[in-house]
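One-letter residues, chain by chain:
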Amino acid sequence: MKKNLPFLITLLILIFVSIFTVCFFTLHERIIYTYSEEYKGYLVSDIKGISNEITIPSTYKDKNVVGIGQRAFYKNERVKKINFEDESKIKIIEKLAFSECSNLESFELVGTYNIERNAFSYATSLKYVKISPVNLGASVFYGDTNLEEVLLGDNLKNIGTYAFSKTKIEILNLPKSLKNISYNAFIDMPYLKEISLYKANIISDLEYLNSLNNIKINDLS
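What counts as what
Residues numbered from 1 in each chain as written. Predicted model: local features only at pLDDT ≥ 70, side-chain atom pairs only at ≥ 80, totals over all residues. Heavy atoms only, no water. Helix = DSSP H or I, 4+ residues; strand = E, 2+ residues; numbered from the N terminus. Buried < 20%, exposed > 50% of the residue type's maximum accessible area, 1.4 Å probe, protein only. Contact = heavy atoms within 4.5 Å. Areas by Shrake-Rupley, 256 points an atom, 1.4 Å probe, with all protein chains shown as cover. Pairing = 2+ DSSP bridges. Axes fitted to C-alpha atoms, helices over the stretch in contact; angles between N-to-C directions. Salt bridge = Lys/Arg side-chain N within 4 Å of Asp/Glu carboxyl O. Polar contact = N/O pair within 3.5 Å; in protein donor to acceptor, adjacent residues only side chain to side chain. Phe/Tyr/Trp six-rings, centres within 6.5 Å; stacked < 30°, edge-to-face > 60°. Lys NZ or Arg CZ within 6 Å of the ring centre and 35° of its normal.

Caption draft 1: Expanded view of the overall build of the protein. Along its length, the protein carries 2 helices and 17 strands. Here the protein holds 221 residues, and 40% of them are scored as buried. Taking as baseline every contact in the protein between residues at least 6 positions apart, the subset at least 24 positions apart corresponds to 30%. Carbon and sulfur atoms make up 52% of the accessible area of the protein, which totals about 12,200 Å².

In structure tokens:
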């Protein structure tokens, strides 16, 4: 027995270290990054851990964190809130980045250039969004059945098709900067009652807007 004691102690230590390692990497909150040559900075590519609130830093390894990568939070069932540091340099949110985040309740981020297609689709707990992109991709909020309010910044120029479909939005204010609304951007919005926009600044799709039935269009020009 005494001869086997060192072996047993070593075995127990290895088992303990293995269990600790598995628990640490499974439960400990970690943000995984991928460097992008295109954007000259890091994209958030994955999230590990069980935290329901995540803070995205402005830098990683002395370089800017410039975006949220494709499917970075895809089907994440834990995260309820995402914070960004004050000096955030996020310029892009890639497709499906937050799609099917079933517990994400709100999202606020200014300064983003592109929010790609389906970035928030089927995020069924999402209720409030404040963003300021230049381009809002197709189906970006598609299927967000509890989304009630979206505040759009003054930089927005393009809205993709089906962007707001199947949401709970009743009133939508579109900024003066808007230049293009893709056909069917507002289709299948059973709660939508009113759209406010600057018609003089929109160079396309006025016919589509005017074709919307039972929707009050406020001309702010």
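Caption draft 2: Region of the structure containing the sheet that holds strand S8 (residues 106–109). Across the sheet, which stays open at both edges, the 3 strands sit in the order S8-S10-S12 with parallel pairing between neighbours. Sheet topology places S8 and strand S12 (149–152) at the edges, where each strand pairs with a single neighbour. Across this sheet, the average inter-strand angle for adjacent strands is 10°, counted without regard to direction. In this sheet, S12 lies alongside strand S10 (residues 128–131) in parallel orientation, the contact comprising 4 bridges. Across the sheet, residue Ile 131 finds its bridge partner in S12, namely Leu 152.

Caption draft 3: Representation of the pattern of salt bridges. Counting across every chain of the model gives 4 salt bridges. The closest approach of N and O atoms between Glu 37 and Lys 40, which form a salt bridge, is 3.3 Å. Neither residue differs from the other here; Glu 37 and Lys 40 are each classed as exposed. Linking Asp 46 and Lys 48 is a salt bridge whose minimum nitrogen-to-oxygen distance equals 3.2 Å. Overall, Asp 46 belongs to the partly exposed group, its relative accessible area being 26%. Judged by relative accessible area, which is 33%, Lys 48 ranks as partly exposed.

Caption draft 4: Examining the environment of Phe 84 more closely. Tracing the backbone through its elements, the reader meets Phe 84 in strand S6 (residues 81–84). In this structure, the C-alpha to C-alpha distance between Phe 84 and Pro 57, residues 27 residues apart in sequence, is 6.3 Å. With near-sequence residues (within four places) excluded, Phe 84 lies in contact with Ile 56, Ile 68, Ile 90, Phe 107, Glu 108 and Leu 109.

Caption draft 5: Molecular detail of the side chain of Ser 196. Among the structural elements, Ser 196 can be located in strand S16 (residues 194–197). For Ser 196, a relative accessible area of 7% gives the class buried. One polar contact links Ser 196 to Asn 173, side chain to side chain, over a distance of 3.5 Å. Ignoring sequence-local partners within four residues, the contact set of Ser 196 consists of Leu 172, Asn 173, Leu 174, Asn 218 and Leu 220.

Caption draft 6: View of unusual backbone geometry. A positive phi angle, near 65°, is found at Asp 62, a position not held by glycine. For Asp 62, the position within the fold is in the loop between strand S4 (59–60) and strand S5 (63–68). By relative accessible area, Asp 62 is classed as exposed at 82%. Positive phi is not limited to glycine here, since Glu 100 has a value of about 60°. Owing to a relative accessible area of 29%, Glu 100 belongs among the partly exposed residues under this scheme.

Caption draft 7: Region of the structure containing the packing of aromatic side chains. Taken as a whole and judged by the stated rule, the model has 14 aromatic pairs. With 4.8 Å between their ring centres and 25° between their planes, Phe 73 and Phe 98 make a pair best called stacked. Taken together, the positions of Phe 73 in the loop between S5 and S6 and Phe 98 in the loop between strand S7 (92–93) and S8 put the pair 25 residues apart, joining distant regions of the chain. As far as burial versus exposure is concerned, Phe 73 and Phe 98 are alike and both buried. An aromatic cluster is present here, built from Phe 73, Phe 84, Phe 98, Phe 107, Phe 120, Phe 141, Phe 164 and Phe 186 joined pairwise through their rings. The side chain of Arg 71 reaches across the aromatic face of Tyr 74, ending 4.6 Å from its centre. Against the face of Tyr 191 rests Lys 168, its NZ or CZ located 6.0 Å from the ring centre.

In short, the description is geometric, and any link to function would need to be established separately.
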